[in-house]
Amino acid sequence: MSLADFLDFRLFFLAGLVFVPLERLFAARKDQPALRRHWKNDLVYVFANGLVIRLGLTGLMILALAGSPLLVPSGWQEAVQAQPLWLQAVEVLIIADLIFYFFHRLFHAVPALWRIHQIHHSIDEMDWLAAHRIHPLDQILTKGASLLPCFALGFSGWAIGLYAFAYHWHTLFLHANVRFGLGPLRWLLTSPDFHHWHHCREREAWDRNFGTQLALWDFVFGTAHLPQGRHAERFGIGEPVPESYPAQLLHPFRRQGSEAVPETG
């Protein structure tokens, strides 16, 4: 086991200690079992995706660092690096999340990208473990697009690392089977209720709530959907998606019309 795999295991174990009790105490859907359908397949994603995503992102980051002197004046990078860490962290959040918002919309609008992204939307029971069910290409492309400009602009590794840390834990929280109100902050930050509507099968919620950490972008660009007094209940998509990890990795590259109907159980 590599050091990265060991750290992945410890992080997953810690996440379980946090979210399993939260989902029992503050369940949005109280009748949903902790060991729901497909939990074993989502567990495979936790560990199988890590190496592929790290390799892909590392390659992209190397390209960004190599090309940044040609694209970004050194004076800009020096000005960015001269800022205090807290300000860099806030700026990384704003830049990365805004880019992610538009790329997320792109993955819904372009058929070839949707076939990759629909693996994540095949989740039909929301919880913290299901957050890991995402095609590695999806993660490499969206995270790469979000973080490349931050590396190129010269933001410190600490600022980018803080964003990555917050992104990971917030993503698990957004998919968790919990219900927490954010009060007036709901217009700024994404909540589980806000993101659950993004996964909802109801027609009114399609192509809505693209923001990952900041709900602000959805309200600014007119894609927010957060009806008062109602909560998303039915999840998944109406298209056939295979249920095993290897088949899901290959699914985006199969000819349309050749997919097998998902297994049951």
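Since we're looking at a predicted model, the values are computed, not measured.

**Q** Break down the overall build of the protein chain for me, citing the residues and quoting the values.
**A** Tallying secondary structure elements over the protein chain gives 10 helices and 0 strands in all. When the helices and strands of the protein chain are placed in sequence order, the string is α-α-α-α-α-α-α-α-α-α. Taken over the C-alpha trace, the protein chain has a radius of gyration of 19 Å; the compact-globule value for 265 residues is 18 Å, and the two agree within 12%. Its C-alpha atoms give the protein chain principal-axis dimensions of roughly 55 × 45 × 35 Å.

**Q** Help me get a handle on a nonpolar patch on the surface, residues and values and all.
**A** A cluster of nonpolar side chains, Phe-102, Leu-185, Leu-188, Leu-189, Leu-216, Val-220 and Phe-221, forms an exposed patch at the surface whose accessible area comes to about 560 Å². Broken down by element, the nonpolar patch gets its largest block of residues, 3 residues, from helix H9 (residues 216-221). Examined against the element boundaries, Leu-189 turns out to sit in the loop between helix H7 (157-175) and helix H8 (192-198). Residue classification places Leu-189 among the partly exposed residues on the basis of a relative accessible area of 32%.

**Q** Kindly report on the packing of helix H6 (residues 136-152) against H7, identifying the contributing residues and their values.
**A** For the pair H6 and H7, the least separation of the axes is 11 Å and the interaxial angle reads 150°. Classified by the interaxial angle, the pair formed by H6 and H7 is roughly antiparallel. The two elements H6 and H7 cross, and the hand of that crossing is right-handed. In this structure, H6 uses Gln-139, Lys-143, Leu-147, Cys-150 and Phe-151 to contact H7, whose residues at the interface are Ile-160, Tyr-163 and Tyr-167.

**Q** Before we move on, can you summarise the packing of aromatic side chains with the specific residues and values?
**A** Note on aromatic pairs: each is described by the distance of the centres and the angle between the planes. Considering all chains together, one arrives at 16 aromatic pairs under this definition. Seen from their ring centres, Phe-165 and Trp-169 are 6.4 Å apart, and the 50° between their planes marks the pair as tilted. Of this pair, Phe-165 and Trp-169 both sit in helix H7, 4 residues apart, which is roughly one turn of that helix. Trp-169 gets classed as buried once you look at its relative accessible area, which sits at 17%. Consider the rings of Phe-173 and Phe-180, whose centres lie 5.8 Å apart with planes at 40°: the pair is tilted. Looking at Phe-180, the relative accessible area reads 27%, which means it is partly exposed.

**Q** Talk me through unusual backbone geometry; I want residue IDs and the actual numbers.
**A** Unusually for a residue other than glycine, Asp-207 sits at a positive phi of about 55°. The topology assignment puts Asp-207 in the loop between H8 and H9. Located in the positive-phi region is Asn-209, a residue other than glycine, with phi close to 55°. Relative to the helices and strands, Asn-209 resides in the loop between H8 and H9. Judged by its relative accessible area of 0%, Asn-209 falls in the buried class.

**Q** Can you lay out the packing of helix H4 (residues 85-109) against helix H5 (residues 111-121) for me, pointing to particular residues and giving the numbers?
**A** Contact geometry for H4 and H5: axes closest at 6 Å, N-to-C directions at 105°. With respect to H5, the element H4 is oriented roughly perpendicular. For the pair H4 and H5, contact is made by His-104, Leu-106, Phe-107, His-108 and Ala-109 and by Pro-111, Leu-113, Trp-114, Ile-116, His-117 and His-121, respectively. Among the residues making up the contact of H4 with H5, the classes are represented as 7 nonpolar, 4 polar and no charged.

**Q** Give me the nonpolar core: which residues, what numbers.
**A** Formed by 15 residues in total, the largest nonpolar core has its most connected members in Val-92, Leu-147, Cys-150, Phe-155, Ile-160 and Tyr-163. Those elements giving two or more residues to this core turn out to be helix H2 (39-71), H4, H6 and H7. When residues in this core are grouped by element, the largest group, 4 residues, is from H7. Those residues in contact with Cys-150 that sit more than four places away from it in its chain are Val-92, Ile-95, Ala-96, Phe-155 and Ile-160.

Scoring rules and cut-offs
- Every chain is numbered independently, its residues counted from 1 as its sequence is written.
- Whole-chain, interface and lining totals are the exception, using all residues; otherwise, since this is a predicted model, local features are given only for residues with pLDDT of at least 70 and side-chain atom pairs are given and counted only at 80 or more.
- Side-chain numbers here rest on the full set of heavy atoms in the structure, without hydrogens or water.
- The helix count covers DSSP runs of H or I at least four residues long, the strand count covers runs of E at least two residues long, and both are numbered beginning at the N terminus.
- We take the radius of gyration over the C-alpha atoms and set the globule estimate at 2.2 Å times the residue count to the 0.38 power.
- The residues that make up patches have over 30% relative accessible area and no salt bridge, and they are joined within 9 Å when like-charged or within 5 Å when they are Val, Leu, Ile, Met, Phe, Trp or Tyr.
- Reported accessibility uses the Shrake-Rupley method at a 1.4 Å probe radius. Residues are deemed covered only where the shown protein chains occlude them.
- Note on definitions: salt bridges are taken to be side-chain nitrogens of Lys or Arg within 4 Å of carboxyl oxygens of Asp or Glu.
- Under the scheme applied here, a residue whose accessible area is under 20% of the maximum for its type counts as buried, over 50% as exposed, and between as partly exposed, the area being computed with a 1.4 Å probe on protein chains only.
- Only the contacting stretch of a helix is used when fitting its axis, a line to C-alpha atoms as for every element, and angles between N-to-C directions run 0 to 180 degrees.
- For classification, angles of less than 35 degrees are called roughly parallel, those exceeding 145 degrees roughly antiparallel, those between 65 and 115 degrees roughly perpendicular, and all remaining angles oblique.
- When the near helix sits turned anticlockwise from the far one by under a right angle, the crossing is termed left-handed; a clockwise turn instead gives a right-handed crossing.
- It only takes one pair of heavy atoms within 4.5 Å for two residues to be counted as in contact.
- Pairing of aromatic rings covers Phe, Tyr and the six-membered ring of Trp, with a centre-to-centre limit of 6.5 Å; geometry is then stacked below 30 degrees between planes, edge-to-face above 60, and tilted otherwise.
- Only Asp, Glu, Lys and Arg are considered charged in this grouping, and only Ala, Val, Leu, Ile, Met, Phe, Trp, Tyr, Cys and Pro are considered nonpolar; every other residue, Gly among them, is considered polar.
- Nonpolar cores are built from buried Ala, Val, Leu, Ile, Met, Phe, Trp, Tyr and Cys residues. Side-chain atoms within 4.5 Å join them into one set.

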